[in-house]
Amino acid sequence: MASITAAGLPVPHRVAVVGAGMVGLSTAWFLQEHGVEVTVLDREGVAAGSSWGNAGWLTPGIATPLPEPAVLKYGLRAVLSPSSPVYVPPSADPRFLKFVAGFTRHSTMKAWKQAMGSLVPVNDLSLESFDLLTAGGVEGETVEAKSFLASYRTEAERVTLLEEIEHIHAAGQAIEFEALTGDQARAIEPSLSDEIGAAILLKGQRFVNPGAFVHALADSVRARGGKILDAATVSDVRDTGAGVVVTTREGSVEEFDAAVLATGAWLGDLARRFGVKNVVQAGRGYSFSVEIEHVPNGPVYFPAERVACTPIGDRLRVAGMMEFRKPEAALDPRRIKAIAEAARPLLRGADLDHRQDEWVGSRPCTADGLPLIGATKSPRVYAVGGHGMWGITLGPVTGRLLAQTMVTGKQVDALRPFNPLR
Ligand SMILES: Cc1cc2nc3c(=O)[nH]c(=O)nc-3n(C[C@H](O)[C@H](O)[C@H](O)COP(=O)(O)OP(=O)(O)OC[C@H]3O[C@@H](n4cnc5c(N)ncnc54)[C@H](O)[C@@H]3O)c2cc1C
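One structure accompanies this document, and this report is about it. Remember, it's a predicted structure, so these values are computed and weren't measured experimentally.

For the protein, the helix and strand inventory stands at ten helices and 21 strands. Its C-alpha atoms give the protein a radius of gyration of 21 Å, near enough to 22 Å, the size a compact globule of 422 residues would have. Dimensions of the protein, computed from the C-alpha atoms along their principal axes, are close to 65 × 45 × 40 Å. For the protein, the residues scored as buried account for 57% of the 422 residues in total. Within the protein, residue pairs in contact and separated by at least 24 positions form 76% of the contacts whose partners lie at least 6 positions apart. Roughly 17000 Å² of accessible area belongs to the protein as shown, and the carbon and sulfur atoms make up 53% of that amount. Here the protein contributes 42 positively and 46 negatively charged side chains, and the mean placements of these two sets differ by 8 Å.

On to the site of the ligand, then. The ligand sits among 33 residues. The nearest are D42, S51, W57, M389 and T393. In this structure, an oxygen atom belonging to the ligand sits 3.1 Å away from a main-chain N or O atom of V23. For the ligand, the protein covers 97% of the area, taking 1000 Å² as the surface of the free molecule. Secondary-structure elements contributing two or more residues to the shell around the ligand are α1 (22-33), β19 (356-365) and α10 (391-408). Each residue belonging to the shell around the ligand can be placed in one class, and the counts come to 15 nonpolar, 15 polar and three charged.

Further remarks concern helix α4 (residues 109-135). Between its first and last C-alpha atoms α4 spans 39 Å; for 27 residues at 1.5 Å apiece the expected length is 39 Å, and the two agree. The largest bend in α4 comes to about 35°, at S126.

Under the criterion given, the structure shown has eight aromatic pairs. Taken together, a centroid distance of 4.8 Å and an interplanar angle of 75° make the contact between W57 and F148 edge-to-face. In this pair, W57 is assigned in strand β3 (residues 57-58) and F148 in the loop between β5 (142-144) and β6 (149-152), connecting sequence segments 91 residues apart. Seen from their ring centres, F99 and F103 are 5.7 Å apart, and the 40° between their planes marks the pair as tilted. Pair noted here: F99 and F103 are both in helix α3 (residues 94-106), with a separation of four residues, about one helical turn. Like F99, the residue F103 is buried in the burial classification.

Here we come to the nonpolar core. Grouped together as the largest cluster of nonpolar side chains are 72 residues, with contacts concentrated most on V15, L25, L31, V46, V122, V260 and M406. When residues of this core are assigned to their parent elements, the largest contribution, nine residues, is made by α4. With residues near it in sequence (within four places) discarded, V260 still touches V15, A16, V17, V18, T27, Y382, V384, L402 and M406. Ranked by size, the runner-up nonpolar core spans 26 residues in total, among them L149, A185, F288 and C309.

Among the structural elements, P303 can be located in the loop between β16 (300-302) and β17 (307-312). Separated by 151 residues in sequence, P303 and Y152 place their C-alpha atoms 7.3 Å apart. Ignoring anything within four residues of it in the chain, the contact list for P303 reads A150, S151 and Y152.

Next up on the list: the pairing of strand β2 (residues 37-41). Summarising burial for β2: four of the five residues are buried, a large majority. In this sheet, β2 lies alongside strand β1 (residues 14-18) in parallel orientation, the contact comprising five bridges. In the strand pairing of β2, V18 is matched with L41. Running through α1, the crossover from β1 to the neighbouring parallel element β2 is right-handed. The sheet contact formed by β2 and strand β10 (residues 227-229) spans three bridges and is parallel. What sits directly across from V40, in β10, is I228.

This part is about the packing of α1 against α4. The geometry of α1 relative to α4 is characterised by a closest axis approach of 12 Å and an angle of 60° between their N-to-C directions. In terms of orientation, α1 and α4 fall into the oblique class. The chirality of how α1 crosses α4 is left-handed. Only S129, F130, L132 and L133 of α4 make contact with α1, whose side of the interface consists of M22, W29 and F30.

Cut-offs and rules
Residues numbered from 1 in each chain as written. Predicted model: local features only at pLDDT ≥ 70, side-chain atom pairs only at ≥ 80, totals over all residues. Heavy atoms only, no water. Helix = DSSP H or I, 4+ residues; strand = E, 2+ residues; numbered from the N terminus. Rg over C-alpha atoms; globule rule 2.2 N^0.38 Å. Buried < 20%, exposed > 50% of the residue type's maximum accessible area, 1.4 Å probe, protein only. Contact = heavy atoms within 4.5 Å. Areas by Shrake-Rupley, 256 points an atom, 1.4 Å probe, with all protein chains shown as cover. Lys, Arg positive; Asp, Glu negative; His and termini not counted. Charge placed at Lys NZ, Arg CZ, Asp CG, Glu CD. Near = heavy atom within 4 Å. Polar contact = N/O pair within 3.5 Å; in protein donor to acceptor, adjacent residues only side chain to side chain. Nonpolar A, V, L, I, M, F, W, Y, C, P; charged D, E, K, R; others polar. Expected span 1.5 Å × (residues − 1). Bend = angle between axes of the 7 residues up to and from the residue. Phe/Tyr/Trp six-rings, centres within 6.5 Å; stacked < 30°, edge-to-face > 60°. Core = buried A, V, L, I, M, F, W, Y, C linked by side-chain atoms within 4.5 Å. Pairing = 2+ DSSP bridges. Right-handed = clockwise from strand over helix to strand, strands pointing away. Axes fitted to C-alpha atoms, helices over the stretch in contact; angles between N-to-C directions. Parallel < 35°, antiparallel > 145°, perpendicular 65-115°, else oblique. Left-handed = near helix turned anticlockwise from the far one by under 90°.

As structure tokens, this is what we get:
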């Protein structure tokens, strides 16, 4: 490792990573690959944020930007109804209004194509980045999805995703698929009910138990000499000109060579003072797990209902909703019920009335649908997050490329579109 980076700064030897989710821990792990000493601070603990109860899909083939014309049209129709899969409560919060204005501006086909083009190079490295982690000693498992079925009541409902797949292909993203009838889909996946009349089988994707994987990642960071501090709420990060001082609300003050802010839906709290003006808005989602007679072989997706199901051990995790509220707001049981009722007619043998692990978490969403990855206006303070619906899929590749940028000081080309100061 050189002692001076291409940017003319000393290579950081001691780095603080704020946030012990998939993104922060992946960055810490890949920094360790370059010999950097890491301390990860989290105000609660490992996987306390959105990295726990999410759907765990590792699906680079459909990791697309959230703002697009169809989502905007759908979102506007669904506004204000507590049982609809998208919930936008009335709000006069200026940051939220800025997010909505930006999201609307980016919901054009032209903006989508440009953003999709930016995601393709990182999507392409995403699964191999998981393999680097597991080959490097992370005892977590990623599972090949023997089947990944996007399932619909009618062929007409399926058109939206078929069109999106055409656009995904046109942007250069590989994704293999097959259009199936309802009977063909049920032959593969008996837990689909008779209501399902059409499906799309996506190939080459994987899934993971996200909480278990992130804990395995944390164990590996610790085993390689990294420190992970729970109950460490970072209240201030200051660039002194020679290093970075990190202060916690619990009373610790420590100096590092550099700091990485990886605080998910809370990214703005610490990153704003370093020139990161992009709003990271919580797009809250809910999940729970149920018993099901036949545990599916892979994810089952009901796009029209916005419900995502994933086999986790011997249970089925059912997830959904996009609720634009503050990340710390309480779980709203009406949303859990809405997801259960949307899934009920479509799943066979699922015990939706005996739910466990009811959970709410926040997708860290940006208005242009792209993550924020890189140096802030301080060359010693980095921001990383805002992956929206895809922070599990893209966490490891993000950490890998950011660590490379930090130790070489050279901008990695694939990260250029994600400049946090854009
Ligand atoms: C319902 C649902 C389903 C999803 N499904 C998928 C999926 O199938 N595939 C996929 O790729 N993605 C999925 N996502 C998105 C994914 O969960 C997120 O993008 C990802 O977890 C973000 O990771 P992160 O590390 O940036 O944030 P987080 O996991 O939220 O981590 C941030 C951490 O920072 C800590 N923190 C915050 N502020 C401070 C502070 N001041 N000091 C110290 N610590 C602090 C928090 O405690 C938290 O632990 C889903 C999300 C939801 C809600």
